[in-house]
Amino acid sequence: MTIAAPEHRTEPPRAQHIRRRELAAFLRSRRERVTPEQVGLPRGPRRRTPGLRREEVAQLSAVGVTWYTWIEQARATHVSAQVLDAVARALLMDPTERAHLFALAGTTDPRIDPECPVVSTSARKVVERLAPYPASLQNARYDVLAANRPFAQLFGDLTELPVADRNCLWLLATSARWKRDFLDRDEMLRDLIAKYRVAMAEHVAEPVWKEHRDRLLAASEEFRALWERHEVAPLSPHVKRYRHPVVGLVRLEHRTMWLAPQSPAHRVVAYIPADEETEERLERLAELADG
């Protein structure tokens, strides 16, 4: 079942005030940790302020002194991405500090880099240890970052595809094999697009998300039609049917485990047998691979 998405979501005034105070406190703490020498300014004999002065940060970031002061006093109701970017550079913030700055401001960072495709050894082990059950490691965009052997046996070896094509939504919309073997494919595509729209709401200004969506819009008329319906749906366990050319019909329930609460977050998606026949057929598939 799908529900209509709200057109606009506004935080309550109290939540906005708390966010502004946290942003102000964070900026003050960063400013006090940067020395004049680090940014090429003279210290001077009469400096009492730890770190930089507000007017120095304003000068370095090309932001008005009054406006920057208002930000540190939690009086600025909205701080643009351009100002945040300039201040982050002036205060020599590392990627983690920069991400925290934009999160506190409730603003999307326009200069965010695409996610690193490197997958940790521990995450790979989690996926591999789930055999003989198919399992994969995915990000919020449904890119498949790693998969175990049962996944490759059942759904195809994604390492044979270009990196840009190793995506569940892309394959469900464009792959002839997935269209043939996923018996509930039409329902799955509609459901996955609805989930993708929910996920994209948190990344709508990020170039990598927009490029991925635009690629799907250009490649699939079916995706375009479903995307224009603006349906949304939550992540939830569900049983789907797949047809394997050797072992036959399998019925699998999708189970998801997030490995990190923050963005970018990765999740393990495990495909658990929904009945004893599927359990036996997955075991047979594993035996055929070992034989």
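Let me begin by describing the structure that accompanies this report. What you are looking at is a predicted structure, and each value in this text was computed from that prediction instead of being measured.

1. Things to note about the packing of aromatic side chains
No. 1: This model, assessed by the stated rule, comprises 12 aromatic pairs.
No. 2: Summarising the aromatic geometry, the rings of Phe 151 and Phe 155 are spaced 4.9 Å apart at their centres and angled 75° between planes, so their arrangement reads as edge-to-face. Within this pair, Phe 151 and its partner Phe 155 are both found in helix H7 (residues 149–155), separated by 4 residues, close to a single helical turn. By the burial criterion, Phe 151 is buried, and Phe 155 matches it.
No. 3: Taking the centre distance of 5.2 Å and the plane angle of 65° together, the rings of Phe 155 and Tyr 271 count as edge-to-face. Of the two residues, Phe 155 is situated in helix H7 and Tyr 271 in strand S7 (residues 266–273); the sequence distance between them amounts to 116 residues. Both residues of the pair, Phe 155 and Tyr 271, count as buried.
No. 4: Here the guanidinium or amino end of Arg 267 rests over the ring plane of Tyr 142, the centre of that ring lying 4.4 Å away.

2. Looking at helix H3 (residues 65–72)
One turn of an α-helix holds 3.6 residues; hence residues three or four places apart share an orientation.
No. 1: For H3, the complete set of buried residues consists of Tyr 68, Thr 69, Ile 71 and Glu 72. All buried residues of H3 lie within an arc of 155° about the axis, which places them on one face of the element.
No. 2: Taken together, the buried residues of H3 touch helix H1 (13–33), helix H2 (54–61) and helix H4 (81–90).

3. Re the nonpolar core
No. 1: One finds Phe 155, Leu 169, Tyr 242 and Leu 252 to be the most contacted residues of the largest nonpolar core, which totals 35 residues.
No. 2: Of all the elements in the fold, those that place two or more residues in this core are H7, helix H8 (168–174), helix H10 (185–200), helix H11 (207–219), helix H12 (221–227), strand S6 (248–258), S7 and helix H13 (276–290).
No. 3: Ranked by the residues each element gives to this core, the list is headed by H10, at 7 residues.
No. 4: Other than its neighbours up to four places away in sequence, Leu 169 contacts Tyr 142, Leu 189, Leu 192, Ile 193, Tyr 196, Leu 216 and Phe 223.
No. 5: One finds Leu 41, Ala 88, Leu 91 and Leu 104 within the second-largest nonpolar core, a separate group that totals 24 residues.

Cut-offs applied
Residues numbered from 1 in each chain as written. Predicted model: local features only at pLDDT ≥ 70, side-chain atom pairs only at ≥ 80, totals over all residues. Heavy atoms only, no water. Phe/Tyr/Trp six-rings, centres within 6.5 Å; stacked < 30°, edge-to-face > 60°. Helix = DSSP H or I, 4+ residues; strand = E, 2+ residues; numbered from the N terminus. Buried < 20%, exposed > 50% of the residue type's maximum accessible area, 1.4 Å probe, protein only. Lys NZ or Arg CZ within 6 Å of the ring centre and 35° of its normal. Arc of directions from axis to C-beta. Contact = heavy atoms within 4.5 Å. Core = buried A, V, L, I, M, F, W, Y, C linked by side-chain atoms within 4.5 Å.

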